[in-house]
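# Chains, contacts and geometry: an overview
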Amino acid sequence: MKQTLLAITLLITLSTLGQTTQVGKTSYRIDRLVQRYHYESKPLDDSLSHYVFHEFIDVIDPSGYYLLKKDIEQLKKYEFEIDDQIKESSSVFFDELADIYYKRLLAADSLVDEIMSKPFDFEVKENLVYENEEVSFLEDYPALKERWRLWLKSSILEELFDGDYLENPVTAPLDSLKLMLPEASKTVQDYEKFEISSYVNHPSGYKNYLATYYLDVIASYYDPHTTYFSNIDKEHFEASLSKDNYAFGFSLREDEKGQILIAGLTPGGSAWMSNAINQDDVILKVEFDKGRPVDVTQLRLDDLMLIFENTNSERLILTLKKANGRVEEVELLKSEIYVDDDVIKSVILQGDKKIGYITLPDFYTDWDQTTGLGCANDVAKNIVKLKQEDIDGLILDLRNNGGGSLKEAIDLAGIFIDAGPITIEQGKYREPKSIKDMNRGAIYLGPLVIMVNGLSASASELFSAAMQDYNRAIIVGSKTYGKSTGQVVLPLDPTYSLTLDNMDEVDESYGYLKLTRTKFYRVTKETHQKEGVVPDIALRDYYELYEYSEALNKMALEKDQVDKKVYYTPFAEFPVSKLQSNSNFRMGMNILYQQMCTVMDSINNFTAYYENSPLNLADYQENERIITNLYDQLFTEELNVSEQFEVINNKFDAEIMKINEYRAELNKEYLENVSKDLYISEAYNVLVDYINSK
């Protein structure tokens with residue numbers, strides 16, 4: 001009897017776990033690396049299974065447009081078994097779900113064609129209601145068809161008002177809008193079928209492509225910055241369009257939604273110099289030499305890379321969707337990559353006081369390690385140029401700076417203090433260690449303001465926190481992102497070890513793991529993890545409208561403290577209360593700022609726009625009119641040039657502008673933008689207040 005039970009148990013176990021697969025091996029390797037190197041590894045148990053089961057389904061079908069309720073019920077048997085499969089290098093859950101999902105994708109493709117074969121009635125009163133809670137999967141295809149019908153109808157209206165069909169659709173006559181409906185419908189149908197095809201017919205193979213999402217979900221259980229990518233993804237992640245020092249100067253990546261994003265900017269390149277492009281901007285269209293725009297939303301990253309590789313165009317227009325949701329066009333010229341002093345921008349705000357202003361979009365370094373120099377060195381050079389013109393104070397703008405090199409953040413801090421600890425690093429198996437500025441002496445010890453916002457992250461936060469703790473700078477703006485962890489990229493090759501010198505020997509078929517290995521703390525022993533750096537002088541900005549912070553990641557590492565004795569000597573405290581009071585008074589009198597705050601409150605209160613979508617053309621237009629007017633007010637271009645100061649180039653850069661026509665053109669626009677930025681204007685006022693108080 002015992003032998004029979006044992007045999008039955010063994011058969012059940014074998015049928016449940018299945019055979020070893022490449023996906024299974026890779027999932028096992030992810031767990032092994034995490035257990036060994038992750039800062040805060042978790043046990044491989046049912047908690048992981050439950051998370052991966054629900055998260056993977058949510059990733060591939062977040063709104064319930066493909067899978068049916070019976071599919072979820074069929075898969076429920078694996079909800080607490082995925083950890084056991086990983087231990088056995090098996091992928092039974094993934095394989096079964098992949099097979100089901102493939103069939104549902106093909107069925108959805110047919111559904112789209114069937115529904116779109118007949119025109120919609122846009123005069124009937126009905127709504128698409130967005131589900132705020134966990135998605136509900138439907139019982140059968142008739143119900144699924146109805147969900148698709150409402151979605152496609154809503155998508156056509158969205159396309160009609162977001163596309164290039166009419167110059168101003170929110171004020172256009174309804175009859176004019178109706179004429180454009182067939183074209184908008186065709187675009188939506190093509191897009192939905194492309195989305196399905198991008199899975200089913202992916203160049204790397206359907207299952208291989210889907211596996212990258214599955215493996216990434218397993219990695220994300222440990223924290224949001226531990227991620228998996230295949231060897232091809234890694235190439236794309238690092239790929240740059242900057243070749244032979246003559247290019248547009250940006251790199252690309254593809255996110256989990258299939259969107260193509262700006263991965264990074266080449267310091268000194270055309271994109272960098274434009275000061276209008278940021279990491280993680282979504283590319284919607286590209287247009288070469290005033291030709292026909294290419295819709296990037298229906299391209300894979302491979303396709304877009306091929307387009308860039310095969311073009312000889314000297315001019316590029318990018319249509320970008322910014323983090324705040326705004327769509328902007330940026331024109332770039334293919335140009336040489338500038339070096340040294342040309343990379344960092346520094347200007348003078350000439351008013352009652354002469355204030356230097358430097359903008360730093362990213363903590364870049366010499367990636368080839370030929371000189372060991374990077375942004376800190378370039379900032380230092382610009383400070384020297386500004387000091388030669390007897391500035392009274394300095395503003396360093398780190399808004400939208402998503403981070404970069406930790407070494408550069410430490411070196412930059414060393415420019416503003418004599419010497420001392422900058423941060424505390426805590427690894428998994430090590431005692432906490434102070435990371436110090438070891439170079440005695442400072443380049444600049446004058447009055448300093450650092451500007452930050454919700455997109456200032458990682459190295460930006462580490463540097464700003466150190467300057468705040470030393471009372472070395474007044475932090476002005478809104479709360480930063482809240483990332484205080486460090487990552488390392490490791491191959492998942494089972495034969496790889498950290499002692500392996502020759503990376504050419506790595507088997508890339510398993511892919512790579514970007515793994516959180518360290519956590520950073522302030523010299524006060526606190527951390528800005530999840531909390532962000534809280535400014536001394538707080539200003540509201542429109543990023544508060546968008547859900548973008550570390551704290552919103554459900555798997556983010558928690559805020560804590562570190563036990564480490566650190567000795568540092570802070571400067572005298574700033575009169576923060578008085579400075580904040582003066583700032584509040586000024587911003588209370590600033591019509592543009594008050595209008596922005598009022599509009600943001602109105603947008604937040606316009607819940608009807610975010611909870612449901614009217615599918616009647618007239619009602620939809622009215623909704624769009626309201627929200628468009630609000631956003632037009634929020635992003636008004638009718639900004640006043642600052643009355644406090646004039647923006648001028650330093651003498652060194654002014655000479656360069658005389659001999660470089662393209663840079664002079666960009667520079668003119670840059671000076672104008674600085675003069676119209678109300679946050680720079682207020683940072684200037686705060687710094688002048690402080691200087692006068694001394």
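Residues numbered from 1 in each chain as written. Predicted model: local features only at pLDDT ≥ 70, side-chain atom pairs only at ≥ 80, totals over all residues. Heavy atoms only, no water.

### Considerations on the sheet that holds strand β13 (residues 393–397)
Within a beta sheet, neighbouring strands are joined by backbone hydrogen bonds and run either parallel or antiparallel to one another. Rule in force here: Here the rule is simple: two strands pair whenever DSSP picks up at least two bridges between them. A run of DSSP states H or I qualifies as a helix once it reaches four residues; a run of E qualifies as a strand once it reaches two. Both are numbered from the N-terminal end.
An order of β20-β17-β16-β13-β12-β11-β22 is seen for the seven strands of this open sheet, with the pairing classed as mixed. The open sheet terminates on both sides in strands that have one partner only, identified here as β20 (537–538) and β22 (645–649). The pairing of strand β11 (residues 345–351) with β22 spans five bridges and is classified as antiparallel. Counterpart to Val 347 in the pairing with β22 is Asn 649.

### Observations regarding the confidence of the model for the protein chain
For the record, the criterion: What pLDDT expresses is the predictor's confidence in each residue, scored from 0 to 100. Residues are treated as being in contact if the distance between any of their heavy atoms lies within 4.5 Å.
Put simply, the protein chain has an average pLDDT of 86, and 89% of its residues get 70 or more. Long-range and interchain partners of residues 236–246, a stretch whose pLDDT sits below 50, account for 32 contacts in this model, where long-range means more than four residues apart.

### Some remarks on the pairing of strand β6 (residues 282–288)
Residues in a regular strand point their side chains to alternate faces of the sheet. So the rule is basically this: To sort residues, take the accessible area from a 1.4 Å probe on protein chains only and compare it with the maximum for the residue type: under 20% means buried, over 50% means exposed, and anything in between is partly exposed.
β6 sits mainly inside the fold: five of its seven residues count as buried. By the bridge criterion, six bridges tie β6 to strand β8 (residues 315–321) in an arrangement that is antiparallel. For Phe 288, the partnering residue across the bridge sits in β8 and is Leu 316. The pairing of β6 with strand β7 (residues 294–295) spans two bridges and is classified as antiparallel. Residue pairing for β7: Val 286 is matched across the bridge by Val 294.

### Observations concerning the packing of aromatic side chains
We apply this condition: Pairing of aromatic side chains here covers Phe, Tyr and the six-membered ring of Trp, requires ring centres within 6.5 Å, and sorts the geometry by plane angle: under 30 degrees stacked, over 60 edge-to-face, intermediate tilted. The criterion is that NZ of a Lys, or CZ of an Arg, lies within 6 Å of the ring centre and within 35 degrees of the ring normal, and then a charge sits over that ring.
In the structure shown here, the tally under the stated rule is 28 aromatic pairs. For the pair Tyr 101 and Tyr 199, a centre-to-centre distance of 6.0 Å together with 85° between the ring planes defines the contact as edge-to-face. In this pair, Tyr 101 sits in helix α6 (residues 92–116) while Tyr 199 sits in helix α8 (residues 174–200), placing the two residues 98 residues apart along the sequence. For the pair formed by Tyr 101 and Tyr 199, the shared burial category is buried. Above the ring of Tyr 221, the side-chain terminus of Lys 42 is found at 4.4 Å from the ring centroid.

### Here we look at helix α16 (residues 576–589)
Worth spelling out the cut-off: What a helix should span is 1.5 Å times the count of its residues minus one.
For α16, which comprises 14 residues, the first-to-last C-alpha distance of 20 Å matches the rise-based estimate of 20 Å (1.5 Å per residue) to within 8%. Taken together, the buried residues of α16 touch β17 (474–477), β20, α17 (591–605) and α22 (678–693).

### What about the nonpolar core?
It is characteristic of soluble globular proteins that their nonpolar side chains tend to be buried jointly. This is how it is decided: In this text, buried Ala, Val, Leu, Ile, Met, Phe, Trp, Tyr and Cys residues form a nonpolar core when linked through side-chain atoms within 4.5 Å. For every domain, the bounds stem from an assignment made automatically or drawn from a database.
Formed by 85 residues in total, the largest nonpolar core has its most connected members in Phe 56, Phe 93, Tyr 101, Trp 148, Leu 210 and Tyr 214. Ranked by residues supplied to this core, first place goes to α6 with 13 residues. Domain assignment of the residues forming this core places at least three in each of domain 1 (15–222) and domain 3 (353–639 + 677–693). Judged by nonpolar contacts, the second largest core, of 65 residues, contains Phe 250, Ile 262, Ile 344 and Leu 666.

### Here's the deal with the packing of helix α7 (residues 141–162) against helix α19 (residues 617–634)
Applied cut-off: In this analysis an axis means a line fitted to C-alpha atoms, helices contributing only their contacting stretch, and an angle means the value between N-to-C directions, from 0 to 180 degrees. Angles below 35 degrees are treated as roughly parallel, those above 145 as roughly antiparallel, those between 65 and 115 as roughly perpendicular, and all remaining angles as oblique. Note on convention: near helix rotated counterclockwise from far helix by under a right angle means a left-handed crossing. Clockwise means right-handed. Under the scheme applied here, ten amino acids are nonpolar (Ala, Val, Leu, Ile, Met, Phe, Trp, Tyr, Cys and Pro), four are charged (Asp, Glu, Lys and Arg), and all others, including Gly, are polar.
Direction vectors running N to C along α7 and α19 enclose 50°, while the axes themselves pass 11 Å from each other. Between α7 and α19, the crossing angle belongs to the class labelled oblique. Judged by the twist between their axes, the crossing of α7 over α19 is right-handed. Taking contact as the criterion, the partners of Ser 154, Leu 157, Glu 158, Leu 160 and Phe 161 in α7 are, on α19, Leu 617, Tyr 620, Gln 621 and Glu 624. Counted by class, the contact of α7 with α19 contains five nonpolar, two polar and two charged residues.

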